[in-house]
Amino acid sequence: MRALIRILLISCLLIALVRAACFLAYAWFALGNPLDVYHLEAQMVHLAWRVQHDRVMYPDWRNDPHVMNVFGPLYFLLVGGIGRLIDADLEGLYRVGRLTSLGSALLASLIVGVASGTREGKGAGFVAGSLTLGAAPLFGFGVMVRADLMADTLGFAGFLLAVGRPSRWRYALGATLLVAAIFTKQTMGLYLIAAVLAAMRTDRKRWGLTLAAGSGAVTLAIIAAVTRTVEPLFARELFGAAETPILLSDWQRTLSRLWQLGPELPILALVGLVLWTVRRERRDPSLVVLAGVVLVGAIVLAMKSGSDLNYFLGLRLVAAMAAGAVWGSVASLIRESGPIRPRAAVLAIVGLVGLGVSLLPSLDHSYAQARSAQSIHAYFSGAGRPVVAQYRRIFELAEDPEIRLLTDSGMVAAHQADRAAFVDPWLFRILVETGKIEPTAILQRLESQEYDYIITTKDLYDTADPYDTYGFGLPPQLAEAARRNYGFAGVSAGLFLYLPRRSNEGSSTANGS
């Protein structure tokens, strides 16, 4: 019986290691991708650029230009600050931002490994740390210029310190990290809520109340100070995500993708809830609270329109801790002297088989993503070089201050810097369609043909799959105005170029760009 259990343990370990290796391979190939590695990455690069060049971080997006920042400032302050120190161009900011996200993911893996190893043993810590890598939400977001991973790492570390062994410096550092997580991404307030509830549940009510009151006061004080000094719209824009409507169809799609690609995340979180509750010698009410808050919080927050698996990045940390608890329990069982009780053996075997099976979808997904990243890297290093060159020429066009263009490509818009009408096409379209933005100035420029170029990521005149149904395109009223006033001029690097209808020249230039 022990031999079978050991085989199952080793099998789960191998799956964890292969998944982690696939993610690291994916990261290696994605880091140098000359284009966006995932949706709307350019918007995040633009926000870091604003820091690098001393622009307002929270502009009034209701007026032209419509640049919106719904994130906390810390990630962009870090990436933009590094960019300023090394005098990075836009491509350099991409690399800095991606490395910051990847570094946050690796640091979280180390933190989980140490935390799980302290509770369950070194073997469990190694398995738990490995399982944080290769989870489905990391593909796309793990090597992307975006604040999520840094925020989750800060929040998770702050939680562990705030609910750990009583110590003034640990409590102070934990509270600081929890506040920092909120100012990296506001939804990371989940970790502060979990820490307060965990303290209250573990008979540290005074500390829980102090943490809640102190962190809340510091957060409000910072918001007030920043709003009254350097960023007048800071307070309003921190709640800007509330402008995005709830869409149950997007929520259903996100939950379905999670179940298809990473079913181990909710399963292990629930397993952790049970183990941290029922085990006599290793009960951990703090982790019970964390698992419950993160699981429920992620599911609820994913209701927002445009939701994706990034809402479950924190759940991967909880799931890894739970896997460490499973490993620790089984390892303790096989170390016991004498025969293993049949009931305990059956539970161990069923648990390990269930763990291994639940990891298979993410194993397949991680392998496919690694192969895809390798293929993309090989393409851009070989046959795709002319495509990259075409993109660079379009980027140069966008950078020219003498040329006015409108684009639904975030990558192109980011190269326009201050002159970009918007950089997040999806959010811009949502805000126009919900009446939050009136794009009057853009519409007037289209009607008067003031733009020298219109550049889109999908054909404005496509009849088989109409442009107006394209979620990342211009809002329908702007697209219609573009069709009335601009004619097709060619395709370059997969982008569609249009010139004013009054122009009788330049088409050959556009086709050759």
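Here the structure is a predicted model, which is why all the values come from computation and not from measurement.

Engineer: Mind showing me how you'd approach the overall build of the protein here?
Structural biologist: A tally of helices and strands in the protein yields 22 helices and 4 strands. Taken over the C-alpha trace, the protein has a radius of gyration of 25 Å; the compact-globule value for 513 residues is 24 Å, and the two agree within 12%. Judged by the C-alpha coordinates and their principal axes, the protein covers about 90 × 50 × 45 Å. Within the span of the protein, comprising 513 residues, buried residues form 56% of the whole. Summarising the internal contacts of the protein: among those between residues at least 6 apart in sequence, 73% fall at separations of at least 24. Roughly 22000 Å² of accessible area belongs to the protein as shown, and the carbon and sulfur atoms make up 63% of that amount.

Engineer: Sorry, what's going on with the packing of aromatic side chains here?
Structural biologist: All told, the structure shown has 16 aromatic pairs when counted by the stated rule. Aromatic pair Tyr 26 and Phe 139: ring centres 5.0 Å apart, planes at 70°, arrangement edge-to-face. Of this pair, Tyr 26 sits in helix α1 (residues 2-31) while Phe 139 sits in helix α6 (residues 138-141), and the two are 113 residues apart along the sequence. The exposure class of Phe 139 is buried, given its relative accessible area of 6%. Plain terms: the ring middles of Tyr 58 and Phe 234 are 5.2 Å apart, the flat faces sit at 70° to each other, and that makes the pair edge-to-face. Taken as a pair, Tyr 58 in the loop between α2 (41-52) and α3 (74-85) and Phe 234 in helix α11 (residues 234-238) lie far apart in primary sequence, 176 residues in all. Grouping residues by exposure puts Tyr 58 and Phe 234 together as buried.

Engineer: Help me understand the side chain of Gln 43, please; the structure alone is not making it clear to me.
Structural biologist: Tracing the backbone through its elements, the reader meets Gln 43 in helix α2. Residues within four places of Gln 43 in sequence aside, it is in contact with Met 68, Val 423 and Asp 424.

Engineer: How do you make sense of helix α19 (residues 425-433) when you look at a structure like this?
Structural biologist: Spacing of three or four residues puts side chains on the same side of an α-helix, whose turn is 3.6 residues. Burial of α19 is extensive: 8 of the 9 residues sit out of reach of the surface. For α19, the complete set of buried residues consists of Pro 425, Trp 426, Leu 427, Phe 428, Arg 429, Ile 430, Leu 431 and Val 432. Between the side-chain oxygen of the N-cap and the backbone nitrogen of Trp 426 there are 3.3 Å, and the N-cap of α19 in question is Asp 424. Where α19 ends, the next residue or the one after it, Gly 435, has phi of about 80°, a positive value.

Engineer: What's the story with the nonpolar core in this structure? I'm lost.
Structural biologist: The tendency in soluble globular proteins is for nonpolar side chains to be buried side by side. With 137 residues, the main nonpolar core has Ile 5, Phe 76, Phe 156, Phe 159, Tyr 191, Leu 211 and Leu 290 as its most contacted residues. Here this core gets 15 residues from one element, more than from any other, and that element is helix α15 (residues 313-335). With near-sequence residues (within four places) excluded, Ile 5 lies in contact with Val 330, Ile 334, Ile 340, Ala 348, Ile 349 and Leu 352. Within the second largest apolar cluster, 26 residues are counted, among which are Ala 421, Trp 426, Val 432 and Tyr 467.

Engineer: Mind showing me how you'd approach α3 here?
Structural biologist: Between its first and last C-alpha, α3 extends 16 Å over 12 residues, near the 16 Å set by a 1.5 Å rise per residue. Every buried residue belonging to α3 is among Tyr 75, Phe 76, Val 79, Gly 80 and Gly 83, and all of these are buried. The buried residues of α3 occupy an angular sector of 110° when projected down its axis, which confines them to one face. Turning to α3, the residues buried within the fold contact α2, α4 (90-120) and α7 (148-163).

Engineer: Looking at this structure, how should I read the pairing of strand β4 (residues 495-500)?
Structural biologist: In the case of a regular strand, side chains alternate between the two sheet surfaces. Burial analysis of β4 places 6 of its 6 residues in the buried class, which makes it a mostly covered element. Where strand β2 (residues 453-456) and β4 come together, 3 bridges link them in antiparallel fashion. Along β4, the bridge assignment pairs Ile 454 with Tyr 498. Inspection of the sheet shows strand β3 (residues 486-492) paired to β4 by 6 bridges, in the antiparallel sense. In the strand pairing of β4, Phe 488 is matched with Tyr 498.

Engineer: Any chance you could explain a nonpolar patch on the surface here in plain terms?
Structural biologist: Side chains of Ile 10, Leu 14, Leu 17 and Phe 126 sit close together on the surface and give an oily, nonpolar patch of about 370 Å² of accessible area. Counting residues per element, the nonpolar patch draws most heavily on α1, at 3 residues. Take Ile 10: it is sitting in helix α1.

Engineer: Where do I start with the sheet that holds β2 in this structure?
Structural biologist: Strand pairing in a sheet relies on backbone hydrogen bonds. The paired strands run either parallel or antiparallel. On the basis of which strands lie adjacent, the open sheet formed by 4 strands has the order β1-β2-β4-β3 and mixed pairing. Sheet topology places β1 (405-407) and β3 at the edges, where each strand pairs with a single neighbour. Within the sheet, the average angular offset between the axes of one strand and its neighbour, ignoring direction, is 25°.

Analysis parameters
All chains use their own residue numbering, which begins from 1 and follows the written sequence. Restriction of local features to residues with pLDDT of at least 70 applies here, the model being predicted, together with a cutoff of 80 or more for giving and counting side-chain atom pairs; totals for whole chains, interfaces and linings are based on all residues. Excluding hydrogens and water, the side-chain figures rest on all heavy atoms present in the structure. Working definition: helices are DSSP H or I runs of at least four residues, strands are E runs of at least two. Numbering for both runs from the N terminus. To get the radius of gyration, use the C-alpha atoms; to get the globule rule, take the number of residues to the power 0.38 and multiply by 2.2 Å. Residue exposure (1.4 Å probe, protein chains only): buried if accessible area is under 20% of the type maximum, exposed if over 50%, otherwise partly exposed. Note on definitions: a residue-residue contact is assigned when non-hydrogen atoms from the two residues lie within 4.5 Å. Only the protein chains shown count as cover for residues, and all accessible areas are computed by the Shrake-Rupley method using a 1.4 Å probe. What counts as a ring pair is set by centres within 6.5 Å for rings of Phe, Tyr and Trp (its six-membered ring), and what kind of pair is set by the plane angle: stacked under 30 degrees, edge-to-face over 60, tilted for all other angles. A 3.5 Å cut-off defines polar contacts: any pair of N or O atoms within that distance qualifies, except that in protein one atom must be a possible hydrogen donor and the other a possible acceptor, and neighbouring residues in sequence count only when both atoms are side-chain atoms. We call a set of buried Ala, Val, Leu, Ile, Met, Phe, Trp, Tyr and Cys residues a nonpolar core when their side-chain atoms join them within 4.5 Å. For a helix, the expected span equals 1.5 Å multiplied by the number of residues minus one. By construction, the arc corresponds to the directions joining the helix axis to the C-beta atoms. The pairing criterion for strands is at least two bridges between them, as found by DSSP. Patch criteria: residues need more than 30% relative accessible area and no salt bridge. Like-charged residues are merged within 9 Å; nonpolar side chains of Val, Leu, Ile, Met, Phe, Trp and Tyr are merged within 5 Å. Take a side-chain nitrogen of Lys or Arg and a carboxyl oxygen of Asp or Glu: if they are within 4 Å of each other, that pair is a salt bridge. The axes are straight lines fitted to the C-alpha atoms, using for helices just the contacting stretch, and the angles between their N-to-C directions are given from 0 to 180°.

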